Amino acid sequence: MMEGRCAAESWAEFGLLGKSGTPLVKCGTGTDVFICTGGEEVYVFTAQEKTLRAVLQMPAAVRDVVVSHDEQLLFVACWSGVYCVNVQLLVPSFSHDAGSGPTELKISTECLVAVADRASSLLVVGSVLLTLCRTDASWSLTLYQIQRTSQSDPCDLLASFSLPLVSPKVQSDAESRCVLVCVYPGNLMPASSPPHPLRSHYPLQPLLFRRLFGAEAALSKSPVVLCGLPDGRLSFLPLRIPGSRLRILHSLEQSVVFVGASAVMETDAGCAGCLIALGKQGRAVLIRAGRAGLEGGGGTRFTLGCVPGPVECACMDQSRVYYSTGSDLLMVDLWDGSSGTAGRQGDKEDEASRSNPAAFLTPISLNVSGVVALHQPTYSSAGEVQLLSLSVRGRLQSIRLPVRTQEDSLSKRPSSQVGRSVGDILSAIGDICERASVLKTIIRSKNQILKQLNQVMNISFLLSNRSESDLKPVRCRGSVRWSRLLQRDSLNLTCVLENLSPFILERGWTLSVTVLPLSCPLEAGGEASSVNYSFPFSGLGPEESVEVSLPVATAGDASFPVTVTCSLLFSLWRFLGQEEATAPLDLQSACFSLPLNTLTVDWLDALRLSDPPAPARSSSSPADLLQGFISSRQLRCRGGGQASRPEEYSARVRVSSELLRDALGLAPGSPRVSLLEWLLSEGCGGVKMERKGIKTDGSSSVICGSAPDNATVKLTAEEVNVEEKTKPLVTVEVQVKSSSVAAVCGLHHAVMRRIQTLLQKAGSSRVVPTADLRLALQQAEEQRGQVWEASSVGVSSGQTPPLLLRVYQQLRDGPLLIL
Amino acid sequence: MIQSASLLESWTQENNQLASGCKLSPHVFLLLCLSLSGIPPHLDRAQLELSVVYNTCVCFTAQSQFDEAELLLTQTAQRLLQIAGDDPGTSDPSVLWRTALKSVTGTALHRRVLSLLCLQWGVWLAKSRLTAVQDFQEMSLLEAQSGAVWNDCRAETKEKISNIPILVLDPRRLVDLLKICTAIVQGAERLTEGWSVLSALQAASASPAPRALIAYTHLLSGSCLAHMNRPQMALQCYRKALETDPRCVCALYQSALIYSRLENSQAEIQALRILHSMLLLPSTTEPAMAAGRLLSPSLFLCSQSLSSLLSVPSALSVLHSLALKCVIHSRVSEGVECYLDLLAALQSEDQHGVRVHAVVSTLPKLPRLYLEAGAALLMARRPADCMALCDEVIGSTLDLLPEKVLLEDPVARRVAGSGEVTEEAENGLVRLLWTAAAYLLQGHCYSQLKDWKQAVTHYTRCINLLVKVHYKDTDKDPEQGVDLCVLQRLKGLSLAGRGISFAQIDRLREALRDLQLSRQAHPEGVSARRWYGEVLWRLDRKQEAAACWEQTWSNPIPSLSEALPVYAQELQSGPLLDSAELHQKLQELGPT
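Our subject in this report is the structure included herewith. (Residues numbered from 1 in each chain as written. Chains lettered and ligands numbered in written order. Predicted model: local features only at pLDDT ≥ 70, side-chain atom pairs only at ≥ 80, totals over all residues. Heavy atoms only, no water.)

**Regarding the overall build of chain B**
Turning to step 1, where the next piece is worked out: Of regular secondary structure, chain B possesses 28 helices and 2 strands.
Turning to step 2, where the next piece is worked out: Residue burial in chain B is summarised as follows: out of 592 residues, 51% are buried.
Turning to step 3, where the next piece is worked out: Considering only residue pairs separated by 6 or more positions, chain B has 70% of its internal contacts joining residues 24 or more positions apart.
Turning to step 4, where the next piece is worked out: Within the structure as shown, chain B displays about 27,800 Å² of accessible surface, and the carbon and sulfur contribution to it stands at 54%. (Helix = DSSP H or I, 4+ residues; strand = E, 2+ residues; numbered from the N terminus. Buried < 20%, exposed > 50% of the residue type's maximum accessible area, 1.4 Å probe, protein only. Contact = heavy atoms within 4.5 Å. Areas by Shrake-Rupley, 256 points an atom, 1.4 Å probe, with all protein chains shown as cover.)

What follows is the structure, given as structure tokens:
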């Protein structure tokens, strides 16, 4: 295989490329070349003298440039429309004086010949100008009649054809270009064509033409316009057939970058026997006529191939395609026996290449980087191929390819050429070096991303593979604390995310905490609404932790217990950042969530302790005193009509001391104090209350405090001897007393929940005496009867609430004994 | 107060300068309009403001910026109501205008408001909101009122020319234009709904208006009469339309259609010929805006049904139907000329050829045109030209032919067959029929040249192609599709042609077989039957021959029809049997 080494000669610099337009290099009249660098200028460069001859300043960014067949008019497509410039204007009126710079022409809207919104491609066929524009819902190909007499008049609109967009979402990229070429049957090029072959105009083998476009197009010898669209469709329109419309020839399924035609065999005599389309990601399709009469009317063979992408731009000569991937310029020989199978082999091999398209086209690197626009190759008399290219830095380069057949004569160069070739080699080395360093950084960053994704995979496996009850290696701990801000007390939860796994949580992860009150005050609609907090973090190594703080409730808010659900979110968007995530990721696959543990903040956690003797608020601040005074006044006022003293509610729970001792591992001395301490300190829902220490005097073991709804609460624990059947039993009775029903209920529920976990911890080996159960059952049935009675009576009289309250009181006062 | 007055004067002057300037643009007026609307509405300035708004809106309308015009009009109506202190509390334009008009009745502003209202009318008409237009007409009896108001307006302008703001368009002319345009558009709408609108149209045709519009009223009356099944009266109306405006090609086209309905083929051909030559003239349908005519009538004539009534097929379509008519009605040499013109036009690269596909074409497919032209050439006894055309068709289709065509069963085809003619026409069967027809015509050519062997070869090629089509011969439903009918016809004709050719070279057995088969494929074929008799006669089966001939006396060779392609019909191009001779033979037979 030939190792191509080519000479790149820099001709001119145009500065960095603009983003808004399309970079272009197009052959103009004679040796003139039109160059666009993506901005609003069109440069006219003479290849012969290698000087810049004129600069056209267009009113908007340039999308495409085309010259009419008689080389008199230049059409420039901008965003707003198509402008026409007389080529004669570009020739300086006086002979070239030394130092006279390029002619500068400002093109105004007076030169506008066709108002085509978002015109992206142009083509001239005979005296017809074609524009391809994208409208909101379709692609439209519009035909204009070129004015022969005066080019400043707007062109007459002849016809317009449209093709609906496949899906508007996919094609949001309005920048992407379309390709417009024209093919003719046989060698029927227009009579007015210039001596050198036109770019984008190809004569096609008559057989292939008939097979592709039908008998009617062949009969009328009509030129056919081919459009390659950014959605991958290749559509065609016969120009001279009445009532023709745009039809689809093929779909490449990726943005079409290049459409060309090539001669297959020498016998074709100037006609191309093969149509080629190249897609952005390197997919290629070769369209040729199959053998006559093989499979009836069709007989066109579409051979799919693949070249290493991405394809930035391409051009081709008789049999070779040159294309740039941005980092390298590659050459593909389509009919070379060694690299392509598409040459003269039979259908069998065709099938093979279809099944394995990657093996089909082997490109040869030419080692030129950064090419964004290419011009059709030209040949010198010695058979050298010359390509004009525009690099991403805005450099116009002439690339000369070595003559293939004279590889062995390379060593016999005259000494004058040696120096030049050394220079070429050096510049090539520079190019390769630049390319290599770019590729290295890309590889490094890709490796990094892969490593990080591996960590993500590990973590998601660890977390998703366990049930709820297991302790997860990544979990949250919580602690609550009352704090006062702006005269408002609020309960803050500090959530600590611990990473006990051996893996690192890197960027892309977010801790999501959902706070869901179990109940809600009736006036708020009764429907509990959750609040979601998310904390993005980056980098959490093994054994490290991250602390976040969030408000759970405010004072006066009695919607406890609150469930706090923690989960980890991973987002590919955040992980890849802005620049990497260019490929469309759909939302579902780009983001997933891994549940962690759930915390519960209940009434006990939210209890604010005060000193045990409730009336003697000696240590309180004056503000608290005042507050207490006012609230007592309020209570009195509210209860003024009935009883002066507010009603007290209470609930009792009894636990056997033996059980407590076993479970808590306490000394046999004072189980009641330690029970209260345990209740208040040891978080069982994973939440810990930060308190300074529980002040209980040893004897009474009374704790006073205020519930979140500001009601005063008293918790007492005392030892009670219970006569259980025959043997006496020492139990500890916990009593909750408060004037607020909600507080009593909530605290009772919290105490029970904790004792339940205590029982679970102690194990279920204990024997439960059945006699007690029976008694309890009797009691329960009795009370159920009362409830039923209450509901049946209360419907009419409206006395249900008090009745139900009474039953509840009875239930709570008849202390349940827990063994 | 003094300053305000002088300001008023300067504004008026500015307006007058703009209005008398040569290049009218809505934007310069809009600027003035904006500066006026910046100050609170007041009765003193209202006169000027309304004039400026009128000028602005006329310019907007002239540039088809109807939305902008309407917005400005609505705003002005609201400002008027502010002056009057009325608030209808709605933004519905018709209610607004009603209230505004009521509030200014009897004041000097009345006629200004009326002229603005006319502009609103124009906008509604241009946007095809005909109900609103009708409301308006009922609401303000405007002809009577406005006529009186504007008459004294003219007297007033003569008195003090300097102080009155100039209007760019005389409101009376606007009203005249709008009246006739409304009549035309409404007429077209009602006509498509099936109403008779004769009286309204005839009233409109008497009003002063441009010739083109008067011609439209005549044209619509004609269409109305044609609907009412009075073709002769319709023709009269079309003639009147043409007399009024010679560019009214649509009238000519409609007349051709009526002649076709009346089966007056000569007149139809004449009409088509004139129509075609008029369509070839450089397009002068849209004359340059005359100096005094700011608003073009076409601005207001954009209703859908009107444009469908006024549509005329492209020149090439007209040429094709002219050619076909000529050929069918035995004016073959003219037909041939037309066909050759048509093909030349289609091949040429000039703008005319390109413009063809601007409209949806009614032309048949190109190969069919070639074949029709070939058939015409054959009938004109130009077999060499015919063969050249057929060669082209064969060359472009031959390697696209399928090996075999299998037609699905008729039920499925009937379901899919609705769009058969227009869509996807170039399938295998159609291409095959084209090629077969080309071979058939070549066979005809050779038999005309009396080269019987070549004729047999080409007829055989045709037959070989046609037998590639397989279909279930379940029922002979005439609606089975034109293609199948053409297939049967081609089969019958080619077999008959080959049989006749065999008969000419005295291979009577083959001739008899082919003619028999031809009669089976296409029982209506007359020449096949006659030749069948002839061959029988030559084989000395005279009684059978006589019986066969007896049958054919009753029905002569049918004349050409438009239902089928010309080339699939009997062209009478081959050798003919002299019927007198046949009679003689029968009489010979008779006594025995």
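Structure's up, so let's keep going.
**Some remarks on unusual backbone geometry**
Turning to step 1, where the next piece is worked out: A positive phi angle, close to 50°, is found at B:Ser330, a residue other than glycine.
Turning to step 2, where the next piece is worked out: If you trace the backbone, B:Ser330 turns up in the loop between α16 (315-328) and α17 (332-347).

**Considerations on the pattern of salt bridges**
Residues and elements named next belong to chain A.
Turning to step 1, where the next piece is worked out: Going through the model one piece at a time under the given rule, you end up with 29 salt bridges over all chains.
Turning to step 2, where the next piece is worked out: Among the ionic pairs, glutamate 312 bridges to lysine 280, the shortest N-O distance being 3.9 Å. One end of the pair, glutamate 312, is in the loop between β23 (300-306) and β24 (313-316); the other, lysine 280, is in the loop between β21 (274-279) and β22 (283-289), with 32 residues separating them in the sequence.
Turning to step 3, where the next piece is worked out: Take glutamate 312: its relative accessible area is 34%, and that puts it in the partly exposed class.
Turning to step 4, where the next piece is worked out: When salt bridges with common partners are traced through the structure, they connect Glu9, Lys50 and Arg400 into a single cluster. (Salt bridge = Lys/Arg side-chain N within 4 Å of Asp/Glu carboxyl O.)

**Some thoughts on the sheet that holds strand β2 (residues 23-27) of chain A**
Residues and elements named next belong to chain A.
Turning to step 1, where the next piece is worked out: One open sheet accounts for 5 strands, arranged β2-β3-β4-β5-β9; its pairing is mixed. Looking at strand neighbours, the two that pair on one side only are β2 and β9 (103-106), the edges of this open sheet. Ignoring which end each strand starts from, the neighbouring axes of this sheet average 20° apart. (Pairing = 2+ DSSP bridges. Axes fitted to C-alpha atoms, helices over the stretch in contact; angles between N-to-C directions.)

**Details of the packing of aromatic side chains**
Two aromatic rings are characterised by how far apart their centres lie and by the angle between their planes.
Residue and element names in this part refer to chain A.
Turning to step 1, where the next piece is worked out: Per the stated rule, a full pass over the model turns up 8 aromatic pairs over all chains.
Turning to step 2, where the next piece is worked out: Seen from their ring centres, phenylalanine 14 and tyrosine 43 are 4.6 Å apart, and the 40° between their planes marks the pair as tilted. Separated by 29 residues along the polypeptide, phenylalanine 14 in the loop between β1 (7-13) and β2 and tyrosine 43 in strand β4 (residues 41-46) bring together distant segments of the chain.
Turning to step 3, where the next piece is worked out: By relative accessible area, tyrosine 43 is classed as buried at 13%.
Turning to step 4, where the next piece is worked out: Between phenylalanine 209 and phenylalanine 213, the aromatic rings sit 5.0 Å apart at their centres with planes inclined by 70°, giving edge-to-face as the arrangement. With phenylalanine 209 and phenylalanine 213 both in helix α1 (residues 206-220) and 4 residues apart, the pair spans about one turn of that helix. (Phe/Tyr/Trp six-rings, centres within 6.5 Å; stacked < 30°, edge-to-face > 60°.)

**Considerations on the sheet that holds strand β19 (residues 247-251) of chain A**
All names here are of chain A.
Turning to step 1, where the next piece is worked out: Spatial ordering of the open sheet is given by β16-β15-β17-β18-β19, a layout of 5 strands whose pairing is mixed. In the strand order of this sheet, the two ends are held by β16 (201-204) and β19, each with one partner. The sheet shows a mean angle of 30° between the axes of neighbouring strands, direction not considered.
Turning to step 2, where the next piece is worked out: In this structure, strand β15 (residues 179-185) lies alongside strand β17 (residues 224-228), joined through 5 bridges in antiparallel fashion. Counterpart to valine 181 in the pairing with β17 is leucine 226.
Turning to step 3, where the next piece is worked out: On the sheet, α1 packs against β15, β16, β17, β18 (233-238) and β19 and is oriented at approximately 95° with respect to β16.

**A word on the packing of α16(B) against helix α19 (residues 366-379) of chain B**
Residues and elements named next belong to chain B.
Turning to step 1, where the next piece is worked out: Their axes nearest at 11 Å, the elements α16 and α19 cross at an angle of 35°. Where α16 crosses over α19, the handedness of that crossing is left-handed. Mapping the contact onto sequence places His320, Leu324 and Val327 in α16 and Leu369, Glu372, Ala376 and Met379 in α19.
Turning to step 2, where the next piece is worked out: Across the contact of α16 with α19, the residue classes break down as 5 nonpolar, 1 polar and 1 charged. (Left-handed = near helix turned anticlockwise from the far one by under 90°. Nonpolar A, V, L, I, M, F, W, Y, C, P; charged D, E, K, R; others polar.)

**As for α19(B)**
Turning to step 1, where the next piece is worked out: Given a rise of 1.5 Å per residue, 14 residues ought to cover 20 Å, and the 20 Å separating the end C-alpha atoms of α19(B) matches this to within 8%.
Turning to step 2, where the next piece is worked out: Of all the 14 residues making up α19(B), 12 are buried; the element is thus mostly covered by neighbouring parts of the structure.
Turning to step 3, where the next piece is worked out: Taken residue by residue, α19(B) has B:Leu366, B:Pro367, B:Leu369, B:Tyr370, B:Leu371, B:Glu372, B:Ala373, B:Gly374, B:Ala375, B:Ala376, B:Leu377 and B:Leu378 as its buried positions.
Turning to step 4, where the next piece is worked out: Where α19(B) is buried, its residues touch α1 of chain A together with α16, α17, α20 (383-397) and α22 (428-448) of chain B.
Turning to step 5, where the next piece is worked out: Downstream of α19(B) by a residue or two, B:Arg381 has a phi angle that is positive, lying close to 60°. (Expected span 1.5 Å × (residues − 1).)

**What to know about helix α13 (residues 249-261) of chain B**
Residues and elements named next belong to chain B.
Turning to step 1, where the next piece is worked out: For α13, built from 13 residues, the straight-helix expectation of 18 Å at 1.5 Å per residue is met to within 8% by its first-to-last C-alpha distance of 19 Å.
Turning to step 2, where the next piece is worked out: Among the residues of α13, Val249, Cys250, Ala251, Leu252, Tyr253, Gln254, Ser255, Ala256 and Ile258 are the ones counted as buried.
Turning to step 3, where the next piece is worked out: Tucked inside the fold, the buried residues of α13 contact α11 (211-227), α12 (231-244), α14 (265-280) and α15 (304-310).
Turning to step 4, where the next piece is worked out: Remark: glutamate 263 follows α13 within two positions and exhibits a positive phi of approximately 60°.

**Regarding the pairing of strand β12 (residues 128-134) of chain A**
Residues and elements named next belong to chain A.
Turning to step 1, where the next piece is worked out: Across the 7 residues that make up β12, a large majority, 7, are buried.
Turning to step 2, where the next piece is worked out: Of the two faces of β12, the one lined by Val128, Leu130, Leu132 and Arg134 and the one lined by Leu129, Thr131 and Cys133 are each fully buried.
Turning to step 3, where the next piece is worked out: Pairing analysis gives 6 bridges linking strand β11 (residues 119-125) to β12, with the strands arranged antiparallel. Of the residues in β12, the one forming a bridge with serine 121 is leucine 132.
Turning to step 4, where the next piece is worked out: From the end of β11 to the start of β12, which pair antiparallel, there are 2 residues, and glycine 126 there has a positive phi angle of about 60°.

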